[in-house]
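# Chain and residue survey
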Amino acid sequence: MHAKPQEQIKISSSFLKQFFDIRAQYLSTMVTILIALFKERTTNVQALSLVIQDTVQTASVYKRLLRFVGKVRLDPQAVITCIMTILQITTQDQLILIMDRTYWTFGKSHQNFLYLAILYRGYAIPIDFVLCSNRKKGHCSFEDRQILLDRFITMFGVESIDYLTADREFMGGKWLRHLASIGVRYVQRLKENGVMIQNKRGAYSKLADLAKDLKPGEMVRFGQRKICKKNTFIAHVTILKTMTGDIVALAHDESIADPCYSYRFRWCIEVVFRSMKSYGFNMEDSAITKTERLETVYRTVSIACACAVVVGEAVAAVQPITLKKHGYKAICIIKSGINHILTFLSRHSSGNFLCLQTIICSSLSLFQNKALHHHPPDQLKKISKTCPVD
């Protein structure tokens, strides 16, 4: 027999109460929004209100959701702790961090987000973000990156970071010097055009000139080099020429054994962006422009994303996802998790009030019985082969 809707909400609210110091009615609304996100796959508040089953009128549900979005501010550290708890990641785990930016416009409003994600069993899970201080130019500042990284280090310490990887738009001497100064290992892609690197004779050469003798599939480590004539910085450089002839130049910490392998995991965040947008929760549908309200909605989406990955992994542990002829999975883990939760919701009379805690805990229990908590190195190698280098 299923618990009554009010009882289910109370149980789920008590789970979230461990992390969020907000009023009980807002905790209940948060549970309702999380379940509605899976059912409607959109961040549009009005659309979410239409799928929430309640004894009151739809207009009243809509106003209740608006009050939550307008008045509740979810503490970033509380959201990170909640996601880590859902994934059962401890402070003793060494984590690979991925930093990337996503951008779109709504009317005249520019939505420019800088995300920090962790690598979890080959999947990037977004745990924190900031709205970039310069939202129109389509890039982030040094201060934006520092806020994200400092928040993580404050909670878990530098020793919990294996390394940080990011795409070429984050290249910069000030940033890489900062990472080195605080003891964070990094693998950072360099821009192919306009970047000058010191050659073995001490003169500066174009990146393309250093790589001209490389054969497709060949990688060369150049050791420590000076990079850029202006705002010069020093880093170890590795260059790879892909099978298609593209050049991948990486600045990295000396202790990174295989920079190209380590950089491959950066692509995982592109997959999760797709899942959070058109392939999953349709973040761009929110129609919200105020910064504080956007943060509330998208931090809730990050929690939903973590739930979807846990459920997807549990399902895949029992029934592995089939591979297509090109070697890629027929469906990504996040979408698989969303589909499974949606199926679960549709088969239970409690509908929107299905206990969030029950879904997470049962999935984790199943997952622990069927698979290891983390991929061993040989399995990570297999995953990395499916991640494009660029």
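Above this text sits the structure in question.
Here's a quick rundown of the structure.

What counts and how
- Residues numbered from 1 in each chain as written.
- Predicted model: local features only at pLDDT ≥ 70, side-chain atom pairs only at ≥ 80, totals over all residues.
- Heavy atoms only, no water.
- Buried < 20%, exposed > 50% of the residue type's maximum accessible area, 1.4 Å probe, protein only.
- Helix = DSSP H or I, 4+ residues; strand = E, 2+ residues; numbered from the N terminus.
- Expected span 1.5 Å × (residues − 1).
- Core = buried A, V, L, I, M, F, W, Y, C linked by side-chain atoms within 4.5 Å.
- Contact = heavy atoms within 4.5 Å.

### Some points on unusual backbone geometry
It is generally the case that most residues other than glycine have a negative phi and that most peptide bonds are trans. Residue arginine 121 is not a glycine yet carries a positive backbone phi of 50°. Using a relative accessible area of 8% as the deciding quantity, one classes arginine 121 as buried. Its identity is not glycine, yet cysteine 228 carries a phi of approximately 75°, on the positive side. By secondary structure assignment, the location of cysteine 228 is in the loop between β8 (219-227) and β9 (233-241).

### A few points about helix α2 (residues 24-40)
Taking 1.5 Å per residue as the helical rise, α2 with its 17 residues ought to reach 24 Å, and the 24 Å between its terminal C-alpha atoms agrees with that figure. Along α2, 12 of the 17 residues are buried, which leaves the element largely enclosed by surrounding structure. Inspection of α2 places Tyr26, Leu27, Thr29, Met30, Val31, Thr32, Ile33, Leu34, Ile35, Ala36, Leu37 and Phe38 among the buried residues, and these make up the whole buried set. Downstream of α2 by one or two residues, arginine 41 has phi in the positive range, about 55°.

### Structural notes on the nonpolar core
Counting 129 residues, the largest nonpolar core has Phe20, Ile118, Phe152, Ile227, Ile239, Tyr298 and Ile303 as the members making the most contacts within it. Tallying contributions element by element places helix α11 (residues 291-318) first for this core, with 14 residues. Non-local contacts of tyrosine 298, meaning those with residues more than four positions away in its chain, are made with Thr43, Trp104, Phe113, Tyr115, Phe129, Met283 and Ser286.

### Some details on the side chain of serine 336
By the element assignment, serine 336 lies in helix α12 (residues 333-346). Serine 336 sits in the buried class, given a relative accessible area of 12%. Serine 336 has contacts with Gly312, Val315, Ile321 and Ile331, leaving out every residue within four places of it along the chain.

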